[in-house]
2 protein chains.
Amino acid sequence: MQTIDPWGSELSEDYGKIVQQFGLEEFDPKLFPKPNRIMRRGVVFAGRDLKPIADAIKKKEKFYVLTGIMPTADRVHFGTKMVIENVRYFQEMGAQAYVLIADLEAAATRGVSLEEARKRALDFHIPAYLALGLDPKKTVFYFQSENKKVMHLAFEFAKKITLNEFKAIYGIADPGRIMSAVTQAGDMLFPQLESRMPGIIPVGIDQDPHIRLCRDIIARTKSKYNFTPISSIYHKFTPSLDGEMKMSKSKPESMIELPEDIKSVLKKMKNAVTGGRESLELQKKLGGEPEKCMIFEMYKQHLIEDDKILDAVYKDCRAGTLLCGQNKQNACAYMESFMDNFVSQLEVARKKVDKLKFIEFK
Amino acid sequence: MQTIDPWGSELSEDYGKIVQQFGLEEFDPKLFPKPNRIMRRGVVFAGRDLKPIADAIKKKEKFYVLTGIMPTADRVHFGTKMVIENVRYFQEMGAQAYVLIADLEAAATRGVSLEEARKRALDFHIPAYLALGLDPKKTVFYFQSENKKVMHLAFEFAKKITLNEFKAIYGIADPGRIMSAVTQAGDMLFPQLESRMPGIIPVGIDQDPHIRLCRDIIARTKSKYNFTPISSIYHKFTPSLDGEMKMSKSKPESMIELPEDIKSVLKKMKNAVTGGRESLELQKKLGGEPEKCMIFEMYKQHLIEDDKILDAVYKDCRAGTLLCGQNKQNACAYMESFMDNFVSQLEVARKKVDKLKFIEFK
């Protein structure tokens, strides 16, 4: 487990290694105006080419932010929530947002039909993205399967890369992964077919290979397309409630999904790893260790918006005045309120889906 | 060089090896009604799953024949002519013909734009196919770049194959080749999306890997699609005028293109390798060896339609009464007439292009 600094000025060892190994820029919240919660708190920890985005914001020049929906499962996870929060942030800073529905990917890898993928996206995933904060007025959507231009780019991009480059980036190469990756590169550059401009892709760090491949392809096709290199911004994983680095579907008891039955969620929260001491006496004496506490991490990443309140929780824990039992009770209340709100926003959003802007293709 | 038997009942060693190595069926002209010139003469030498096609012909059931156009160069070659002759044959036997214009492939590999590829296809390649015998009334055309369904199949097929399988079939694997191959598999199966039926793909033997991959994909997607396995039929290469197995662009003096300036063609014909003996006396005494003669091979594959005339030429050569000088003069006359006819048919065909049936995609 990485150590956690509540104000995010220092990177944990693990994320520090990632920054170095992947050649990322460490994220400096002062780079952007009015950084959002996860930017301020060091949950957003790195990026690539962030300066062109900062410049575009400053000079009020055109830029875009892009993300995708994989319309398979009937719920999303907290990582998605962070992506949306960053998309929302850049929307507010003036970006045109693109959301592609990866129905081709869903159909090919999960065996759902394109029709079923479309239905799921409209019924759940798009409303969920709106419920998590996406601004529908500043967003255009498209279905990957309808976007011939993306498919044309994918075809062309496949011709520009070698198997060894692909292996170097992904560690592994097979036809399916190659097809997905070049199609994603097509998606990421599609907004620039109209006009070249900076674009930012908020992702979890596990998605960085797609960013690197896309940037390589941009370099490789410079003479023909002269695409502006894409920028990216990375947030940490929402840690598993058992203290591991990342929530994982393979351990359902340690991950919370959106939506999820609140009883099940609260049970998981109650079993979460905290920074409590061996005994009550010791904790009252030494204070707790919020840096090791998954409940505190959930506060920081998701549940407590107000920095002052988060700070107070941190101090009370450290002081040994806020004990784990009480704190978990509080956290459950936060979570219940969050989940209630998500579910009701989801209902509201479902009614807005037919008013969204979908790109239409001839 | 392979030995050549004018009536094609025996395979040369090289082609025999290919049949064995690739697991092909040796072609038996008695399998099909009214075999065409290249079928009768053993130029068509092998196939895969030819029986379902023979059955469809016999029972007048639906089947299709498919070929593609690579709209890059401004001429075609004699190999293309043989493909078209086989397409024409199956059209006459009741097949629906599909001709796809591989504009995506052209754009990605040859750097021509999709617009330019389309223009070239309409200006030259499609008219050339008509001039070579394609029946426009029984053919539908489409541009690969417009056919979303093919691209969807390609995406899905990429997920069904492994890198090792690809390498086993093609000897090499890279993203560009993979993309081309799965797209071609999509093209080959597109006609079956409407209804499952046998389909035959006439190709040169060098294209067999695409057929094998497609057949593997059919097996791999059986539970979802249940495509009828595609059939294929193979013709020999048009040999290089210098006696090598295949005409090659790297040796322009030994290949003839369509169209090509007749002076240049005749010069090449005059330098062609023949089956002549060391001296005139010897040739008159022993006769020539048409099996070794590239002029005779051009007769057999392309220039002499009538079996009786071909037979007479064969016998006269063997008897030593038709000598190489005279024979080359005759061949030049055949070639001149063929090329004149091709050029004028090309002009006629250009005027028909706007009346062809192109599949329109929403």
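Residues numbered from 1 in each chain as written. Chains lettered and ligands numbered in written order. Predicted model: local features only at pLDDT ≥ 70, side-chain atom pairs only at ≥ 80, totals over all residues. Heavy atoms only, no water.

Asker: How should the overall build of chain A be read in this particular structure?
Answerer: Across its full length, chain A holds 16 helices and 10 strands. Taking 362 residues into account, the globule formula puts the C-alpha radius of gyration at 21 Å, and chain A, at 21 Å, falls close to it. For chain A, the C-alpha atoms occupy an extent of roughly 70 × 40 × 40 Å along the three principal directions. Once local pairs closer than 6 in sequence are excluded, the contacts in chain A between residues at least 24 apart make up 77%. (Helix = DSSP H or I, 4+ residues; strand = E, 2+ residues; numbered from the N terminus. Rg over C-alpha atoms; globule rule 2.2 N^0.38 Å. Contact = heavy atoms within 4.5 Å.)

Asker: Help me out: how do you make sense of the relation of the copies chain B and chain A in this one?
Answerer: Put simply, the second copy of the chain is the first one after a rotation about an axis and a shift along it. For these two chains of identical sequence, chain B goes onto chain A by a turn of 180 degrees and a shift of 0.1 Å along the axis, with RMSD 0.0 Å. When the rotation and shift are considered jointly, the pair of chain copies conforms to a two-fold rotation axis. (Least-squares fit on C-alpha atoms with pLDDT ≥ 70 in both.)

Asker: When you look at the domain arrangement of chain A in this model, what are you seeing that I'm missing?
Answerer: One widely used convention gives an interface's size as the accessible area the parts lose upon coming together. All names here are of chain A. According to the domain assignment, chain A contains domain 1 (13–240) and domain 2 (252–345). Listed by partner, the interface residues are 20 residues for domain 1 and 23 residues for domain 2. Counting each side, the surface lost to burial between domain 1 and domain 2 is near 1,900 Å², with a carbon and sulfur contribution of 57%. Taken as a group, Arg41, Arg75 and Phe78 account for 35% of the area that domain 1 buries against domain 2, more than any other trio of residues on that side. Summed over the shared surface of domain 1 and domain 2, the number is 4 salt bridges. The closest approach of N and O atoms between Arg37 and Glu305, which form a salt bridge, is 2.7 Å. At the boundary of domain 1 with domain 2, the tally comes to 15 residue pairs in polar contact (both at pLDDT 80 or more). (Domains from an automatic or database assignment. Buried area = accessible area lost by both parts, 1.4 Å probe. Salt bridge = Lys/Arg side-chain N within 4 Å of Asp/Glu carboxyl O. Polar contact = N/O pair within 3.5 Å; in protein donor to acceptor, adjacent residues only side chain to side chain.)

Asker: Please explain the environment of Lys285 of chain B as it appears in this structure.
Answerer: Summarising the element assignment, Lys285 of chain B is placed in helix α13 (residues 280–286). Along the backbone, Lys285 of chain B and Glu336 of chain B are 51 residues apart, and their C-alpha atoms lie at a distance of 31 Å.

Asker: I'm lost on the pairing of strand β5 (residues 96–101) of chain A in this one. Help?
Answerer: Side-chain positions along a regular strand alternate between the two faces of the sheet. Residues and elements named next belong to chain A. Counting buried positions along β5 yields 5 of 6 residues, so the element is predominantly enclosed. Where strand β3 (residues 64–69) and β5 come together, 6 bridges link them in parallel fashion. Within the sheet, the bridge partner assigned to Ile69 lies in β5 and is Ile101. Pairing between β5 and strand β6 (residues 139–143): 5 bridges, direction parallel. Bridge pairing links Leu100 to Tyr142 in β6. (Buried < 20%, exposed > 50% of the residue type's maximum accessible area, 1.4 Å probe, protein only. Pairing = 2+ DSSP bridges.)

Asker: Looking at this model, I keep getting lost on the interface of chain B and chain A. Mind explaining?
Answerer: Listed per partner, the contact involves 31 residues of chain B and 30 residues of chain A. Around 2,600 Å² of area is buried between chain B and chain A when both sides are counted, 74% of it from carbon and sulfur atoms. Looking only at chain B, the three residues that lose the most surface to chain A are Phe155, Pro175 and Met179 of chain B, adding up to 28% of its buried area. On the surface where chain B and chain A come into contact, there are 2 salt bridges. Of the charged contacts, one joins Glu105 of chain A and Lys159 of chain B as a salt bridge, the two residues approaching to 3.2 Å between their closest N and O atoms.

Asker: Mind showing me how you'd approach the nonpolar core here?
Answerer: It is characteristic of soluble globular proteins that their nonpolar side chains tend to be buried jointly. One finds Ile230 of chain A together with Ile230 of chain B to be the most contacted residues of the largest nonpolar core, which totals 100 residues. Non-local contacts of Ile230 of chain B, meaning those with residues more than four positions away in its chain, are made with Asp49, Tyr64, Met188, Leu189, Gln192, Gly199, Ile201, Ile211, Cys214, Arg215 and Ile218 of chain B. (Core = buried A, V, L, I, M, F, W, Y, C linked by side-chain atoms within 4.5 Å.)

Asker: Got a minute to help me understand the pairing of β6 of chain A in this structure?
Answerer: Residues and elements named next belong to chain A. With 5 of 5 residues buried, β6 lies mostly within the body of the structure. Residues of β6 alternate between two faces, with Thr139, Phe141 and Phe143 on one and Val140 and Tyr142 on the opposite face, all of them buried. Across 2 bridges, β6 lies against strand β10 (residues 357–358) in parallel orientation. Residue pairing across strands places Phe141 opposite Phe358, the latter belonging to β10.

Asker: How do you make sense of unusual backbone geometry when you look at a structure like this?
Answerer: Trans peptide bonds make up most of the peptide bonds, and negative phi angles are found at most residues other than glycine. Residues and elements named next belong to chain A. Looking along the chain, the bond that leaves Leu258 and enters Pro259 is cis, with omega of -5 degrees. Turning to its location among the elements, Pro259 is positioned in the loop between β9 (257–258) and α12 (262–270). In this structure, Asp49 takes a positive phi of about 50 degrees despite not being glycine. Locating Asp49 in the fold gives a position in the loop between β2 (44–48) and α3 (50–58).

Asker: Got a minute to help me understand the side chain of Glu105 of chain B in this structure?
Answerer: Examined against the element boundaries, Glu105 of chain B turns out to sit in helix α5 (residues 103–110). For Glu105 of chain B, a relative accessible area of 14% gives the class buried. A polar side-chain atom of Glu105 of chain B sits 3.2 Å from a polar atom in the side chain of Lys159 of chain A. Contacts of Glu105 of chain B, omitting those with residues within four sequence positions, involve Phe155 and Lys159 of chain A together with Met70, Arg110, Gln144 and Ser180 of chain B.

Asker: For this particular structure, what's the right way to read the pattern of salt bridges?
Answerer: Between side chains of opposite charge, pairing is possible as soon as their charged atoms come close. Scanning the model with the defined rule gives 60 salt bridges over all chains in all. Lys224 of chain B is paired through a salt bridge with Glu156 of chain B; the nearest N and O atoms lie 2.9 Å apart. Placement of Lys224 of chain B in helix α11 (residues 222–225) and of Glu156 of chain B in helix α7 (residues 148–158) is noted, with a sequence separation of 68 residues between them. Because the salt bridges share partners, they merge into one network encompassing Arg37, Lys81, Glu85 and Glu305 of chain A.

Asker: Honestly, helix α8 (residues 163–170) of chain B in this entry has me stumped. Any pointers?
Answerer: At 3.6 residues per turn, the α-helix brings residues three or four places apart onto the same side. Residue and element names in this part refer to chain B. Those residues of α8 not exposed but buried are Leu163, Phe166, Ile169 and Tyr170. Relative to the axis of α8, the buried residues are bounded by an arc of 130 degrees and lie together on one face. Every exposed residue of α8 that faces more than 90 degrees away from the buried side is listed here: Asn164 and Ala168. In the segment just after α8, Gly171 is the residue with positive phi, at about 80 degrees. (Arc of directions from axis to C-beta.)

Asker: In this structure, what is going on with α5 of chain B? I would like to understand it.
Answerer: All names here are of chain B. Across the 8 residues that make up α5, a large majority, 6, are buried. Of all the residues in α5, the buried ones are Asp103, Leu104, Glu105, Ala106, Ala107 and Ala108. Just downstream of α5 lies Gly111, where phi reads positive at about 70 degrees.

Asker: Would you take a moment to explain the packing of aromatic side chains for this structure?
Answerer: Where two aromatic rings form a pair, the distance of their centres and the angle of their planes describe that pair. Applying the stated criterion to the full structure yields 34 aromatic pairs over all chains. Residues Phe27 of chain A and Phe32 of chain A carry aromatic rings whose centres are separated by 5.9 Å and whose planes lie at 40 degrees to one another, so their mutual orientation is tilted. Taken individually, Phe27 of chain A and Phe32 of chain A each receive the classification buried, so the pair is uniform in this respect. On the numbers, 5.6 Å between centres and 50 degrees between planes, the contact of Phe296 of chain B with Tyr314 of chain B is tilted. Here the residue Phe296 of chain B occupies a position in helix α14 (residues 294–303), and Tyr314 of chain B occupies one in helix α15 (residues 307–319), the gap between them amounting to 18 residues. (Phe/Tyr/Trp six-rings, centres within 6.5 Å; stacked < 30°, edge-to-face > 60°.)

Asker: Please explain the sheet that holds β10 of chain A as it appears in this structure.
Answerer: Strand pairing in a sheet relies on backbone hydrogen bonds, with the paired strands running either antiparallel or parallel. An order of β1-β2-β8-β7-β3-β5-β6-β10 (chain A) is seen for the 8 strands of this open sheet, with the pairing classed as mixed. Looking along the sheet, the strands with just one partner apiece sit at the ends: β1 (25–26) and β10 of chain A.

Asker: Looking at this structure, how should I read the packing of helix α14 (residues 294–303) of chain A against helix α15 (residues 307–319) of chain A?
Answerer: Packed helices, taken two at a time, are described by their axes: the angle between them and the distance between them. Residues and elements named next belong to chain A. At a minimum axis distance of 10 Å, the contact between α14 and α15 shows a crossing angle of 165 degrees. With respect to their mutual orientation, α14 and α15 come out roughly antiparallel. In the packing of α14 onto α15, the handedness of the crossing is left-handed. In this structure, α14 contributes Phe296, Tyr299 and Lys300 to the contact, and α15 contributes Leu310, Val313 and Tyr314. Within the contact of α14 with α15, the residues separate by chemical class into 5 nonpolar, no polar and 1 charged. (Axes fitted to C-alpha atoms, helices over the stretch in contact; angles between N-to-C directions. Parallel < 35°, antiparallel > 145°, perpendicular 65-115°, else oblique. Left-handed = near helix turned anticlockwise from the far one by under 90°. Nonpolar A, V, L, I, M, F, W, Y, C, P; charged D, E, K, R; others polar.)

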